[in-house]
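Coordinates in review
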Amino acid sequence: MGTTAVPSSMDVSIPLGEQKGDGFAGRPNPKDLDAGALFVLKSRGSWWHCGYHLTTSIVTPALLSLPFAMSLLGWVAGIACLTLGAAITFYSYNLLSLVLEQQAHLGQRQLRFRDMAHDILGPAWGKYFVGPLQFAMCYGAVVGCILLGGQSLKLIYLLYKPDGKMQLYQFTTMFGGLTLHINLVSLVLCLAYSLCALGGSIDIGNSANAPPKDYSVVGSRADRLLGAFNGISIIATTYASGIIPEIQATLAPPVKGKMFKGLCVCYSVIVTTYFSVGISGYWAFGNQSKGTILTNFMGETKPLLPTWFLLMTNISCLLQVSAVAVVYLQLTNEVFEKKFADPKKDQFSTRNVVPRLIARSLSVVVATMVAMMLPFFADIMALFGAFGFIPLDFILPMVFYNKSVKPSKRSFVFWVNTMIIVVSSMLVAMGTVASVRQIALDAKVYRLFANM
């Protein structure tokens, strides 16, 4: 028996089994894998490959909504939530990685979130709760990406034709088609539009045409309270991944230490982009911050920044959000492969390629239709964060660790995990109520296929 430690300030140890060769005891035999695991979750990646996919899945154009989230919370609570979100998710993702390593050493290598729930909490949890919840959240992320991509296309269109008559749903349709074909260098693109958002906010905030800066949280007491929970849910969504086990499953064995290095790469980008965009955007626009900072850049009557700058920002956002959509489609792809593909046939055989093309194309078409019908990006983010990503990324990793590793109930780690579980569960309840309320309010103002 050996031990491994959490690579953080907390000294936590977990029991390990024997490691054999370049992998773990109990590693699944490729012949025993279903088509989803065999064709999609291939264990070939290094730690930098892990860091790339972590960054792509977490650092997305959703961060452009951080100024809006801060407008619902104010300076102190906004920065506190940004800091706590980073600290808690970094901690929880490391715990999740350690649980995966421990389970692999004990003979149960788990490739998917629902596998962890099945083995640790029981079959019903994996089949009826974690599996459907993860699928819904990742597919919802695809819907959000397609909607944001459509909004970026529309902003580019308005730069060159301010009086244009084309509607948002038309641009959403175009982007849905683009999602079927593209996956680019996500890391460079997210740094590009984050730098543009930072520079644009500073330029506008210091210009003669700067909007009046009002940092008060507006609305009635109920509006401010529920708005704060909405803001927390949005921030939680920006830190969410939902596919940590699937990313770790793509690492080539031995995996020890690789996930931590990958998370360090990812969170160096997170700290650089999230705080700079959130703080600068809120500083420039205050409580007038829109659902995405790019909407603020367009101004009320005319753009507040040069056309070439806005074009560059929107193109970077457009391309990266397509890469993000492809990453989150991997979960639906894996489910479709398991359902329709034959692992006994070659991956690129006609038997497997035809249903793959049909299923994957249909999933994008359906996501595009939903994005066209419900173009409330900030509201969707808040609902996903409250109902889905907080349970997946703030609660379940702590539950898995306490259940499988069984730290002493007198230990600091046990009580930290328990406190995070309790507080996050309260946020799920309040955040879900707040986000559903906001969607209901917006539904009275906007119709389906609205031109937001």
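Report follows, based on the coordinates. (Residues numbered from 1 in each chain as written. Predicted model: local features only at pLDDT ≥ 70, side-chain atom pairs only at ≥ 80, totals over all residues. Heavy atoms only, no water.)

**A short note on the environment of proline 67**
Let me state the cut-off plainly: Here a strand is any run of E in DSSP of at least two residues, a helix any run of H or I of at least four, and the numbering for each starts at the N terminus. Contacts are assigned to residue pairs with any non-hydrogen atoms lying within 4.5 Å of each other.
Among the structural elements, proline 67 can be located in helix H3 (residues 66–73). For the pair proline 67 and serine 280, spaced 213 residues apart in sequence, the C-alpha separation works out to 7.8 Å. In contact with proline 67, not counting residues within four places along its chain, are Val277, Gly278, Gly281, Tyr282, Ser289 and Ile293.

**Description of the layout of surface pockets**
What counts is decided by this rule: Here a cavity means grid points, on a 1 Å grid over the protein atoms only, where a 1.4 Å probe fits yet cannot get out; a pocket means an open set of points with protein on both sides within 12 Å along at least five of seven lines; lining residues are those with an atom within 4 Å of a point. Grid points are joined across faces, edges and corners, and a volume is the space filled by probe spheres set on the points. Residues are grouped as follows: Ala, Val, Leu, Ile, Met, Phe, Trp, Tyr, Cys and Pro are nonpolar; Asp, Glu, Lys and Arg are charged; all remaining types, including Gly, are polar.
Volume-wise, the second largest pocket comes out at about 440 Å³. Around the second largest pocket, the lining comprises 19 residues; the ones closest to its centre are Leu84, Gly85, Ile88, Phe394 and Leu427. When residues of the lining of the second largest pocket are traced back to their parent elements, those giving at least two are helix H4 (75–105), helix H9 (221–239), helix H15 (377–404) and helix H16 (412–445). Counted by class, the lining of the second largest pocket contains 17 nonpolar, two polar and no charged residues.

**Looking at the packing of aromatic side chains**
Basically, it comes down to this: In this analysis, rings of Phe, Tyr and Trp, with Trp reduced to its six-membered ring, are considered paired at centre separations within 6.5 Å, and the interplanar angle assigns stacked below 30 degrees, edge-to-face beyond 60, and tilted for intermediate values.
Applying the stated rule across the entire model yields 13 aromatic pairs. Measuring from ring centre to ring centre gives 5.6 Å for tryptophan 125 and phenylalanine 129, while their planes differ by 85°; the resulting arrangement is edge-to-face. With tryptophan 125 and phenylalanine 129 both in helix H6 (residues 123–160), this residue pair falls four residues apart, about one helical turn.

**With respect to the packing of helix H5 (residues 113–120) against H6**
The condition is simple: Interaxial angles span 0 to 180 degrees and are taken between N-to-C directions of axes, which are lines fitted to C-alpha atoms, for helices over the stretch in contact. Throughout this description, any angle smaller than 35 degrees is read as roughly parallel, any larger than 145 degrees as roughly antiparallel, any in the 65 to 115 degree range as roughly perpendicular, and the remainder as oblique. For any helix crossing, the convention is left-handed if the near helix is rotated counterclockwise from the far helix by under a right angle, and right-handed if that rotation is clockwise.
Contact geometry of H5 with H6 gives a least axis separation of 7 Å together with a crossing angle of 155°. Accordingly, the angle class assigned to the pair H5 and H6 is roughly antiparallel. As H5 packs across H6, the resulting crossing turns out to be right-handed. Judged by residue contacts, Phe113, Arg114, Ala117 and His118 of H5 engage Pro123, Trp125, Gly126, Val130, Gly131 and Gln134 from H6. Residue composition of the contact of H5 with H6, grouped by class: five nonpolar, four polar and one charged.

**Concerning empty space enclosed by the protein**
Following the criterion strictly, the structure yields three cavities of 30 Å³ or more and no others. Approximately 90 Å³ is the volume attributed to the second largest cavity. Residue lining of the second largest cavity: ten residues in total, with Leu100, Arg109, Gln110, Gln248 and Val255 positioned closest to the centre. For the lining of the second largest cavity, the secondary-structure elements that each account for two or more residues are H4 and helix H10 (244–249). Class assignment of the residues belonging to the lining of the second largest cavity gives a composition of six nonpolar, two polar and two charged.

**Considering the side chain of glutamine 320**
In plain terms, the rule: Here a polar contact is recorded for every N or O atom pair within 3.5 Å, except that within protein the pair must consist of a potential hydrogen donor and a potential acceptor, and residues adjacent in sequence are included only if both atoms are side-chain atoms.
Relative to the helices and strands, glutamine 320 resides in helix H13 (residues 307–340). Polar contacts involving the side chain of glutamine 320 include one to the main-chain carbonyl oxygen of valine 59, which spans 2.9 Å.

**A word on helix H14 (residues 350–373)**
Put simply, the rule reads: Multiplying one less than the number of residues by 1.5 Å gives the expected span of a helix. Classification of residues uses two cut-offs on accessible area relative to the type maximum, computed with a 1.4 Å probe and protein chains only: under 20% is buried, over 50% is exposed, and between them is partly exposed.
In this model, H14 (24 residues) spans 35 Å end to end at C-alpha, consistent with the 34 Å of a helix rising 1.5 Å per residue. Within H14 the residues assigned to the buried category are Asn352, Arg356, Ala359, Ser363, Val364, Ala367, Thr368, Ala371 and Met372.

**Examining the nonpolar core**
Stated formally: Here, nonpolar core means buried Ala, Val, Leu, Ile, Met, Phe, Trp, Tyr and Cys residues that are tied together by side-chain atoms lying within 4.5 Å of each other.
Within the largest apolar cluster, 106 residues are counted, with the highest numbers of intra-cluster contacts made by Leu64, Tyr274 and Phe400. By residue number, the principal contributor to this core is H6, which donates 15 residues. Beyond its immediate sequence surroundings of up to four residues, leucine 64 is in contact with Tyr193, Ala197, Val277, Gly291, Thr292, Ile293, Leu294 and Cys317.

**Details of the pattern of salt bridges**
Definition in use: Here a salt bridge means any side-chain nitrogen of Lys or Arg lying within 4 Å of a carboxyl oxygen belonging to Asp or Glu.
Evaluation of the coordinates by the stated rule reveals three salt bridges. For the salt bridge of aspartate 115 with arginine 112, the shortest nitrogen-to-oxygen distance reads 3.1 Å. In this structure, glutamate 300 engages lysine 290 in a salt bridge whose closest nitrogen and oxygen atoms are separated by 3.9 Å. Of the two residues, glutamate 300 sits in the loop between helix H12 (293–297) and H13 while lysine 290 sits in the loop between helix H11 (258–285) and H12, which places them ten residues apart along the sequence. Glutamate 300 gets classed as exposed once you look at its relative accessible area, which sits at 71%. Given a relative accessible area of 32%, lysine 290 falls into the partly exposed group.

**Observations concerning the environment of serine 268**
Along the chain, serine 268 turns up in helix H11. For serine 268 and threonine 55, which are 213 residues apart along the polypeptide, the C-alpha to C-alpha distance reads 9.6 Å.

**A few points about the packing of H6 against H13**
Contact geometry of H6 with H13 gives a least axis separation of 8 Å together with a crossing angle of 160°. Judged on the interaxial angle alone, H13 and H6 are roughly antiparallel. Crossing of H6 over H13 shows left-handed handedness. Taken together, the residues of the contact of H6 with H13 sort by class into 24 nonpolar, six polar and no charged.

**Some details on a nonpolar patch on the surface**
Counted only if it meets this: The patches reported here contain residues having more than 30% relative accessible area and no salt bridge. Joining distances are 9 Å for like charges and 5 Å for nonpolar side chains (Val, Leu, Ile, Met, Phe, Trp, Tyr). Areas reported as accessible are Shrake-Rupley estimates using a 1.4 Å probe. Residue values count occlusion only from the protein chains shown.
There is a patch of nonpolar side chains on the surface, built from Leu362, Val365, Val366, Met369 and Val370 and spanning about 390 Å² of accessible area. Tracing the backbone shows valine 370 in helix H14. Classification of valine 370 by relative accessible area gives partly exposed; the value is 33%.

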